[in-house]
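Listed here are the chains, written in short residue letters.
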Amino acid sequence: NAIMKASEDKVIWVDEKDNVLGEVTRVQAHQKGLIHRIAVVFLTNNKGEILIQLRDDGRLDHSSAGHVDPGETYLQAAERELKEELGVDKVKLKEIAHTQALGEQYKGEIRSHTFKIFSVKTEPGKINKEEVKRVYWADPKKVYEDMQKAPPDKYAGAFKVSLKTFLGLT
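Counting from 1, residues in each chain are numbered in the order their sequence is written. Thresholds applied to this predicted model are a pLDDT of at least 70 for local features of residues and 80 or more for the giving and counting of side-chain atom pairs; totals over whole chains, interfaces and linings are not thresholded and use all residues. Hydrogens and water are ignored here; the side-chain numbers use all heavy atoms of the structure.

(A) Representation of the pairing of strand β4 (residues 50–55) within the structure. Across the six residues that make up β4, a large majority, five, are buried. Here β4 runs beside strand β9 (residues 132–138); their pairing, made up of six bridges, is antiparallel. Looking at the pairing, Leu51 lines up with Trp137 of β9. Pairing analysis gives two bridges linking β4 to strand β5 (residues 60–61), with the strands arranged antiparallel. Paired with Leu54 across the strands is Leu60, a residue of β5. Type-normalised accessible area, obtained with a 1.4 Å probe on protein chains alone, sets the label of each residue: buried when under 20%, exposed when over 50%, and partly exposed for intermediate values. The helix count covers DSSP runs of H or I at least four residues long, the strand count covers runs of E at least two residues long, and both are numbered beginning at the N terminus. Any two strands are treated as partners once DSSP identifies two or more bridges connecting them.

(B) Seen up close, the nonpolar core. The term nonpolar core refers to a set of buried residues drawn from Ala, Val, Leu, Ile, Met, Phe, Trp, Tyr and Cys, joined through side-chain atoms within 4.5 Å. Residues Val143, Phe159 and Leu163 are the most contacted members of the largest nonpolar core, which totals 22 residues. Secondary-structure elements contributing two or more residues to this core are β3 (35–44), β4, β7 (94–106), β8 (109–121), α4 (140–149) and α5 (157–166). In what follows, a contact means two residues having at least one pair of non-hydrogen atoms within 4.5 Å. Residues contacting Leu163, with those up to four places away along its chain left out, are Phe42, Ile50, Pro140, Val143, Tyr144 and Met147.

(C) Layout of the pattern of salt bridges. Throughout this description, the term salt bridge denotes a Lys or Arg side-chain nitrogen within 4 Å of a carboxyl oxygen of Asp or Glu. Under the definition given, this model contains 12 salt bridges. Between Arg80 and Glu81 there is a salt bridge, and its shortest N-O distance comes to 2.9 Å. Among the ionic pairs, Lys154 bridges to Asp146, the shortest N-O distance being 2.7 Å. Note on Lys154: relative accessible area 32%, which makes it partly exposed. One connected set of salt bridges, linked through shared partners, spans Asp69, Glu72, Arg80, Glu81 and Glu84.

(D) Here's a closer look at helix α3 (residues 74–86). Helix length check: α3, at 13 residues, gives a terminal C-alpha distance of 17 Å against a target of 18 Å (1.5 Å per residue), a fit within 8%. Of the positions making up α3, those classed as buried are Tyr74, Ala77, Ala78, Glu81, Leu82, Glu85 and Leu86. The buried side chains of α3 occupy one side of the element, clustering within an arc of 135° when seen end-on. Buried positions along α3 lie against β3, β4, β6 (64–67), β7, β8 and β9. Two residues or fewer after α3 comes Gly87, characterised by a positive phi angle close to 65°. Given a helix with a known number of residues, its expected span is that number minus one, times 1.5 Å. Each C-beta atom gives one direction from the helix axis, and the arc is the one those directions make.

Have a look at this one:
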């Protein structure tokens, strides 16, 4: 049961400087707005486009992203999520930034994430239909422009921050 699993999943609780404070459940972190780690990956292609994911909750998001599990590095989490969500394995990820998205209000939760952003030029593999409705390629600058005028729930909160960082606008 996915809901039961999410309530028991542990995440790495950190301070603003990414120092580890302990482990909490994902639910506790989101209820209390505790800062915790996620890994983000942008897939790119030869046209300079990024792969956008339409999530199961209806929001547009990074190519791939997910919580960093206790005992896992950001890179290991990025590689795991990439394989789980998009069927991409054995690629060399390039770390491009470390940033934060704090205090995003979403469905009664407060999401505060610190995250490392990775990129890789590759095609998606087998899409995990349980997590990902569909994916498509888009011009990152046009997506960022749309974010500025889109309704607040069109894009995931961390995606708004990470895309700005990816484009070098921070």
